[in-house]
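Listed below, chain by chain, are the residues.
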Number of protein chains: 6
Amino acid sequence: MSKIKVIVPVVTAEWNDETKKMIEGYKEPDTELDVVSIEKGTGSLECTYDEIYAELATVQTAEAAERDGFDGVIIYCFCDPGLWAAKEKLSIPITGIGEASMHFASALGNKFTIISAGPASHFPNQVRRAYDKLKLYGFQHKCVSVRSLKIPVIDLEGDKKTEERRLMEEARQAVEEDGADVIVLGCGWMMGVEERISKELGVPAIIPGVAALKMCESLIRMGLAQSKRCFAFPPEKERIV
Amino acid sequence: MSKIKVIVPVVTAEWNDETKKMIEGYKEPDTELDVVSIEKGTGSLECTYDEIYAELATVQTAEAAERDGFDGVIIYCFCDPGLWAAKEKLSIPITGIGEASMHFASALGNKFTIISAGPASHFPNQVRRAYDKLKLYGFQHKCVSVRSLKIPVIDLEGDKKTEERRLMEEARQAVEEDGADVIVLGCGWMMGVEERISKELGVPAIIPGVAALKMCESLIRMGLAQSKRCFAFPPEKERIV
Amino acid sequence: MSKIKVIVPVVTAEWNDETKKMIEGYKEPDTELDVVSIEKGTGSLECTYDEIYAELATVQTAEAAERDGFDGVIIYCFCDPGLWAAKEKLSIPITGIGEASMHFASALGNKFTIISAGPASHFPNQVRRAYDKLKLYGFQHKCVSVRSLKIPVIDLEGDKKTEERRLMEEARQAVEEDGADVIVLGCGWMMGVEERISKELGVPAIIPGVAALKMCESLIRMGLAQSKRCFAFPPEKERIV
Amino acid sequence: MSKIKVIVPVVTAEWNDETKKMIEGYKEPDTELDVVSIEKGTGSLECTYDEIYAELATVQTAEAAERDGFDGVIIYCFCDPGLWAAKEKLSIPITGIGEASMHFASALGNKFTIISAGPASHFPNQVRRAYDKLKLYGFQHKCVSVRSLKIPVIDLEGDKKTEERRLMEEARQAVEEDGADVIVLGCGWMMGVEERISKELGVPAIIPGVAALKMCESLIRMGLAQSKRCFAFPPEKERIV
Amino acid sequence: MSKIKVIVPVVTAEWNDETKKMIEGYKEPDTELDVVSIEKGTGSLECTYDEIYAELATVQTAEAAERDGFDGVIIYCFCDPGLWAAKEKLSIPITGIGEASMHFASALGNKFTIISAGPASHFPNQVRRAYDKLKLYGFQHKCVSVRSLKIPVIDLEGDKKTEERRLMEEARQAVEEDGADVIVLGCGWMMGVEERISKELGVPAIIPGVAALKMCESLIRMGLAQSKRCFAFPPEKERIV
Amino acid sequence: MSKIKVIVPVVTAEWNDETKKMIEGYKEPDTELDVVSIEKGTGSLECTYDEIYAELATVQTAEAAERDGFDGVIIYCFCDPGLWAAKEKLSIPITGIGEASMHFASALGNKFTIISAGPASHFPNQVRRAYDKLKLYGFQHKCVSVRSLKIPVIDLEGDKKTEERRLMEEARQAVEEDGADVIVLGCGWMMGVEERISKELGVPAIIPGVAALKMCESLIRMGLAQSKRCFAFPPEKERIV
């Protein structure tokens, strides 16, 4: 039995059930998932500035999961807030959905595109934050573009059609103009769109949360976790919050 | 139920049972493994010249697996013979143990070392062949060294002690001199040595066959396979064997 | 006197005379060329899957050439099938037309484009196979694009005009849109088009077969061949065909 | 008159005076420096885990500096905690001492070495954290090594001799073994050692705090700050601390 | 008091006053600038061929500046003629305006565009010469495009409006099409246009001469100069001019 | 008949005959060589500072060669002085011995070492100048080390034994410690040592002058020269010498 804690690093519990529903269909029979949100931080992570509000609570939630006997942890936001710090602090495997999706994208083709949601004003930060991670994880040479739906989230409420149409447009341009052979859906998505991408465009589409689930389960089963020669344990000391 | 065909791309069946035993302990409950060797090729793959004898039979065995209803295929040699051709020909996911182990090594640290077996005379080809794959898969920047036991296989018959001692020596040098934070065991290894590496050196050790098993199971569960915009189906034509 | 064996790695002899005619005008006075095709493989090499059918016969033909006293070998297909294996097995210099043309392109400018023939359906594999070689030979940073005529070969029978027009279109776009300063004609081409490219677009155009001829003649005259610290001789062993 | 806020991102004010004294000798006549520490965080930043305790207070202190009319901000720790987030939030130029020192090192030679303090147990995290920044700032190809004194800070109390001797040893090895042509002193150092490095080893030594001072003054004088197409302003929203 | 010699490496003194005026507003209070042109060379540096006419006089002028007690030298042309040679010969810091502007561009964003002046026929050499420097200084990965106004200089005499309009067009395309987040004005420009770029496009624009001034002043204040392990002094010998 | 001008870019004619003798044995039957030195410059090129004295005369000699009906030009010094400028100015192919030797080294293996002559004091400049060229030509990733004999030239007069012994030592270390599979002899060498390297160390050794001869002959025969989209002709203008 593998017990995995899934941390949605925002201060609202409203996505927890949907998150669980989205990934549960992909878990192995003897995996058990517990999805939680955090107490301090923001309602959404739209810039690095938001991340520093969320990182401490995220890492502390991960620490608690290890103490509570969980076998692995998933940080469920594409920007992987607090991932490096948690890798230092924890002995059990911990993976971010951004990190995991880049690894699976790399295994399926040579050139992937990341497609994000959010309004046009967020785009510069989305591109930079995606490349920050691509550089840290070493996949910069495999990412041919970062694209965005560039429509305010508010406009999408109850309007899944528009979102899906825009997503298909960007995915098609990624394939035809940028030469992408894999699509990474860089945010939470409705079920089923990855099949449409695969069918209509002939390229696999990665759902980051599912990628992280498979990466985490795999590491648990292999008995492996982040290297302590790369992510050494933090020394004991007073830390003032 | 996921049915996975494991192809040991050599012309002897003598390693099949040991291979199955080695990886079976890591499979998910509803995975079923079938391990086979090939009819034409060589007894071991020690150079690219050997690979071209083995590739066609390997790919044809993979094709047969797909026709027979298998859900995924693993090519069980670190040099991944025929992997690109099989990715073109097959619709189901296929992974090589070299490819899979580099992906998991990448997920656990920043700098891995590949340790191979075989005599010193094989070393130049081992290094080049490892880098050929590192370049193709895009992990050259994460590999800090390729090392070898540099003892003839024949001397190791019934002498597991010497092999293990030499392996620990090379792994220690990889960590201390090359700065490796993950070890990839670039060949078939006895069980248990990866635990000794982990305990004594503080770095995770990847068993390639296990890495491939988890990668293949993950892809099957995710409903994903190699991108057909990267590995398009071969056209119909006459091919003379 | 330098005797060079040119291997056209397809199972038809129909291109041998044309191949000889195309490159003979560029040979040095005391070079002697022998152009042959192979017995087993395919009629054309359109994917990696085709290559694994052709590699063994190609390498064995190269081995025979060395035994027969040839001084050098050329593998006459842009994908260089079996080149690495042959470099291991042979002592005499052996070069592929893809490999040689990238080296000469590198010497004439900073950014080259490879233009291939074949229908649009082949394009994904053409791009990937070109990049596979660019990575292995270390010229990825110098290639700004891989382009294709994207017309079925069948439509070109007796229609050299269309082919030439399409080629000029792609070459022009390579220069004007991609910034290419050298064009590599990534397949067998009619004589003369390279002059038109040079005159109309102001960039040199490399004919791969000619590049390989000059590379092979040069190595023979220099008394050099592939490094045996990179391509060591294969060990003696039984190999089952 | 340029007013620069220097933030020492630790929860003790004991280094503030020494910091001011160290860099003040390098300021331009009409620069005014204000050195402060932070309220929440840790006493020293020895791992990424420590950084997430310090980032929020650091960025909030930077925000206050902009509100208070400062013209520029320096984050005075080699790991540049909160730098990206602060670059988003602020309009005035803000620089980290790690970031600035890499830029000046790049301008003076081709290959620099970073030398850190701290015990051997910190070394894996020091190396990784240095490379995290090198990747983010784009200087990975110019850093030939990260070295450490590998002596506990406690042993250095009142023992500047040992520290200086060890530093000179590491600097010498950096030059002679790693080929470094510039030394970056990756932590707070006593005055004068950079002159000894320059005189005895013939390479410039960068004091990060001084580098940041000159970078910050330069940007203020040029009327420039971080690009808002790279570091866009965070959207307004509730953030729970 | 810092005395800086600014060498405009052309054989006309007509730009000296304008150059001084352009950068003087950015100098520190106790900096003193002396702007000179050279005796032998060309009236403008439009290709590498022009550079070899100008390099010797440029370096000799720099040598004279050191003998005359100057504290630093700036070579005031974006192609930095003679910079490497002068770095070898001099002990005092010397910087080129191309080199300095790339370093500041790197500090303000992730992706810069260089915009040059001159007619379309110069464009191939401008691109290549910019990349030559980007490679030598190690900023190739941060430059997303080199653009040119592509209008003959002669047409711009007394027509600053056209030049500014074309510049704004290219800057806008750099940002919107190439994703640039910083603009480097790769030639001498009228005052004020950098503010328009900043205001209308939201990206900082670097004036190379100003960047070099701040880099040079900073190095002088830090007591640093080019590494002599990278740029060793030339040996004494006869040199025939 | 191919007429090639070989320019030895030093102000002494004493090496001309030896140079001709060294490479003549490698020329094709209908190649004619003319070896000349230059009128202005230095007696040897030991730093970039020396190069700027030699470049103009070198390029002007190349221009004269084209006017005199030569078919190709070789610049016979490993630092390739004036090569870029000459590529702009000339229509006929021109190659430097450094450039050509890197291309042939690339064709024979994956990792080459450059071995230079000269005293230890020259070493920093030798390394930097070699890397300057490696970056410009795009072979930085294939060069594993630059080594030097580190003995004053004066000590070698009449002492070929010592030079050869030191060269073999460095070549052996290049292979065994740096993993080199090809040796580039980065300066003028006595005949025969390349055979000893090949025989004793099993790696090919490139003689740069011979490499340039074969590259130049090849380009002439192919009817190709440097791309004018990369090296455009300099505009007409007054140039003051």
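Model, not experiment: these values are computed from the prediction.

With that settled, consider the relation of the copies chain F and chain C. Overlay of chain F on chain C (RMSD 0.0 Å): rotation 180°, translation along the axis 0.0 Å. As the rotation angle and translation indicate, the two copies are arranged about a two-fold axis. When the interface residues of chain F are mapped onto chain C, 100% of them again fall at the interface, so both copies present the same face.

The partner chain C presents 33 residues to the 33 residues of chain F that form the contact. Only helix 4 (97-108) and helix 8 (208-222) of chain F provide two or more residues apiece to the side of chain F that touches chain C. In terms of residue count, helix 8 of chain F provides more of the side of chain F that touches chain C than any other element does, 6 residues in total. Looking at the side of chain F that touches chain C residue by residue, the class counts come to 14 nonpolar, 10 polar and 9 charged.

In this section: the relation of the copies chain D and chain A. Rotating chain D by 180° about the axis while translating it 0.0 Å along that axis superimposes it on chain A, leaving an RMSD of 0.0 Å. When the interface residues of chain D are mapped onto chain A, 100% of them again fall at the interface, so both copies present the same face.

Right, let's talk about the sheet that holds strand 1 (residues 2-8) of chain C for a bit. All names here are of chain C. Here we have 4 strands laid out as an open sheet, ordered 2-1-4-5, and parallel in their pairing. Only two strands of the sheet have a single neighbouring strand rather than two, namely strand 2 (31-37) and strand 5 (94-96). Pairs of neighbouring strands in the sheet enclose a mean axial angle of 20°, with direction left out of account. Set on the sheet, helix 1 (residues 16-24) makes contact with strand 1 and strand 2; between it and strand 2 the angle comes to about 155°.

With that settled, the discussion passes to the interface of chain D and chain A. Size of an interface: often given as the accessible area lost when the parts come together. Taken together, the contacts link 38 residues of chain D with 38 residues of chain A. Here the side of chain D that touches chain A gets 9 residues from one element, more than from any other, and that element is helix 2 (residues 48-67) of chain D. The pairing of strand 10 (residues 239-240) of chain A with strand 3 (residues 41-42) of chain D spans 2 bridges and is antiparallel. The partner of A:Ile240 across the bridge, within strand 3 of chain D, is D:Gly41.

The next thing to look at is the domain arrangement of chain A. Residues and elements named next belong to chain A. If you check the domain split of chain A, you get domain 1 (2-96 + 209-222) and domain 2 (99-208). Placing a centre on the C-alpha atoms of domain 1 and another on those of domain 2 gives a separation of 21 Å. At the interface, 16 residues of domain 1 touch 17 residues of domain 2. Contributions of two or more residues to the side of domain 1 that touches domain 2 are made by strand 5 (94-96) and helix 8 (208-222). The biggest single contributor to the side of domain 1 that touches domain 2 is helix 8, with 5 residues. For the side of domain 1 that touches domain 2, the per-class residue count stands at 10 nonpolar, 4 polar and 2 charged.

We now examine the nonpolar core. In this structure, A:Ile183, B:Ile183, C:Ile183, D:Ile183, E:Ile183 and F:Ile183 are the most contacted members of the largest nonpolar core, which totals 490 residues. With near-sequence residues (within four places) excluded, C:Ile183 lies in contact with C:Phe112, C:Thr113, C:Ile115, C:Ala171, C:Ala174, C:Ile197, C:Val203 and C:Ala205.

The two partners chain C and chain D share no contact, and the minimum distance between any of their C-alpha atoms is 15 Å. With respect to C-alpha atoms, chain B approaches chain E no nearer than 15 Å, and the pair has no contact.

The subject of this paragraph is helix 5 (residues 123-137) of chain F. Helix length check: helix 5 of chain F, at 15 residues, gives a terminal C-alpha distance of 21 Å against a target of 21 Å (1.5 Å per residue), a fit within 8%. Counting buried residues in helix 5 of chain F gives 11 out of 15 residues, a clear majority hidden from the surface. Turning to helix 5 of chain F, its buried residues number three or more, namely F:Pro124, F:Asn125, F:Gln126, F:Val127, F:Arg128, F:Arg129, F:Ala130, F:Lys133, F:Leu134, F:Leu136 and F:Tyr137. Taken together, the buried residues of helix 5 of chain F touch helix 3 (83-89) and helix 5 (123-137) of chain E together with helix 2 (48-67), helix 4, strand 6 (112-116) and strand 7 (143-148) of chain F.

This part covers the confidence of the model for chain A. Reading fine detail from the predicted coordinates is not recommended where pLDDT is low. Per-chain confidence: chain A averages 94 in pLDDT, with 96% of residues scoring 70 or above. Two numbers describe this predicted complex: its pTM, 0.97, and its ipTM, 0.96.

Before going further, it helps to examine the sheet that holds strand 1 (residues 2-8) of chain E. Residues and elements named next belong to chain E. Read across the sheet, 4 strands follow the order 2-1-4-5 without closing on themselves; strand pairing throughout is parallel. Of all strands in the sheet, those bounded by a partner on one side alone are strand 2 (31-37) and strand 5 (94-96). Strand-to-strand twist across the sheet, computed as the mean angle between neighbouring axes with direction ignored, equals 20°. Here strand 1 runs beside strand 2; their pairing, made up of 7 bridges, is parallel. Its bridge partner lying in strand 2, Val6 is registered against Val35. Running at roughly 165° to strand 1, helix 2 (residues 48-67) makes contact with strand 1, strand 2, strand 4 (72-75) and strand 5 of the sheet. Along the sheet face, helix 4 (residues 97-108) touches strand 4 and strand 5 and points at about 80° away from the line of strand 5.

Our focus in this paragraph is the environment of F:Val210. Structurally, F:Val210 is set in helix 8. On the basis of neighbour counts, which here come to 25 C-beta atoms within 10 Å, the residue F:Val210 falls in the buried class. Residues F:Val210 and F:Met22 lie 188 residues apart in sequence; the distance between their C-alpha atoms is 8.1 Å. Those residues within four positions of F:Val210 in sequence are excluded, and the remaining contacts are C:Met222, F:Ile23 and F:Tyr26.

The next subject is the packing of helix 2 (residues 48-67) of chain A against helix 2 of chain D. Between two packed helices, the angle of one axis relative to the other and the distance separating the axes together describe the packing. The N-to-C vectors of helix 2 of chain A and helix 2 of chain D enclose an angle of 155°; their axes lie 9 Å apart at closest approach. If you check the angle between helix 2 of chain A and helix 2 of chain D, you find them roughly antiparallel. The chirality of how helix 2 of chain A crosses helix 2 of chain D is left-handed. Of the residues in helix 2 of chain D, those in contact with A:Ile52, A:Tyr53, A:Glu55, A:Leu56 and A:Val59 of helix 2 of chain A are D:Ile52, D:Tyr53, D:Glu55, D:Leu56 and D:Val59. When the residues that make up the contact of helix 2 of chain A with helix 2 of chain D are grouped by side-chain class, the tally is 8 nonpolar, no polar and 2 charged.

Residues and elements named next belong to chain F. Buried within helix 1 (residues 16-24) are the following residues: Thr19, Met22 and Ile23. Down the axis of helix 1, the buried set is contained in an arc of 80°. They therefore lie on one face. When the buried face of helix 1 is taken as reference, the exposed residues oriented beyond 90 degrees from it are Asp17, Lys21 and Glu24.

This paragraph deals with the environment of B:Lys20. Residues and elements named next belong to chain B. Residue position: Lys20 is located in helix 1 (residues 16-24). In this structure Lys20 comes out as partly exposed when scored by C-beta crowding, with 16 C-beta atoms within 10 Å. Spatially, the C-alpha atoms of Lys20 and Val6 are 8.5 Å apart, while their sequence positions differ by 14 residues. Sequence-distant contacts of Lys20, that is, excluding residues within four places in its chain, are made with Leu33 and Val35.

Bringing the packing of helix 4 (residues 97-108) of chain C against helix 8 (residues 208-222) of chain C into the picture now. All names here are of chain C. Orientation of helix 4 relative to helix 8, taken along the N-to-C sense of each, is 85°, at an axis distance of 7 Å. Looking at the two axes, helix 4 sits roughly perpendicular to helix 8. Here Ile97, Gly98, Ala100, Ser101, His103 and Phe104 of helix 4 come into contact with helix 8, specifically with Pro208, Gly209, Ala211, Ala212 and Met215. Each residue belonging to the contact of helix 4 with helix 8 can be placed in one class, and the counts come to 7 nonpolar, 4 polar and no charged.

Turning our eyes to something else, we now look at the pairing of strand 7 (residues 143-148) of chain E. All names here are of chain E. Where strand 6 (residues 112-116) and strand 7 come together, 5 bridges link them in parallel fashion. Its bridge partner lying in strand 7, Phe112 is registered against Cys143. Read from strand 6 through helix 5 to strand 7, the crossover connection turns out right-handed.

Residue and element names in this part refer to chain D. Most of strand 6 (residues 112-116) is tucked away, with 5 of its 5 residues classed as buried. Taking every second residue as pointing to the same face, both faces of strand 6 are buried, with Phe112, Ile114 and Ser116 on one and Thr113 and Ile115 on the other. Relative to strand 8 (residues 182-185), strand 6 runs parallel, the two sharing 4 bridges. Within the sheet, the bridge partner assigned to Phe112 lies in strand 8 and is Val182.

About the criteria used
- Residues numbered from 1 in each chain as written.
- Chains lettered and ligands numbered in written order.
- Predicted model: local features only at pLDDT ≥ 70, side-chain atom pairs only at ≥ 80, totals over all residues.
- Least-squares fit on C-alpha atoms with pLDDT ≥ 70 in both.
- Contact = placed C-beta atoms within 7 Å.
- Helix = DSSP H or I, 4+ residues; strand = E, 2+ residues; numbered from the N terminus.
- Nonpolar A, V, L, I, M, F, W, Y, C, P; charged D, E, K, R; others polar.
- Pairing = 2+ DSSP bridges.
- Axes fitted to C-alpha atoms, helices over the stretch in contact; angles between N-to-C directions.
- Domains from an automatic or database assignment.
- Core = buried A, V, L, I, M, F, W, Y, C linked by C-beta atoms within 7 Å.
- Buried ≥ 20, exposed ≤ 12 C-beta atoms within 10 Å, placed from the backbone.
- Expected span 1.5 Å × (residues − 1).
- pLDDT = per-residue confidence, 0-100.
- Parallel < 35°, antiparallel > 145°, perpendicular 65-115°, else oblique.
- Left-handed = near helix turned anticlockwise from the far one by under 90°.
- Arc of directions from axis to C-beta.
- Right-handed = clockwise from strand over helix to strand, strands pointing away.

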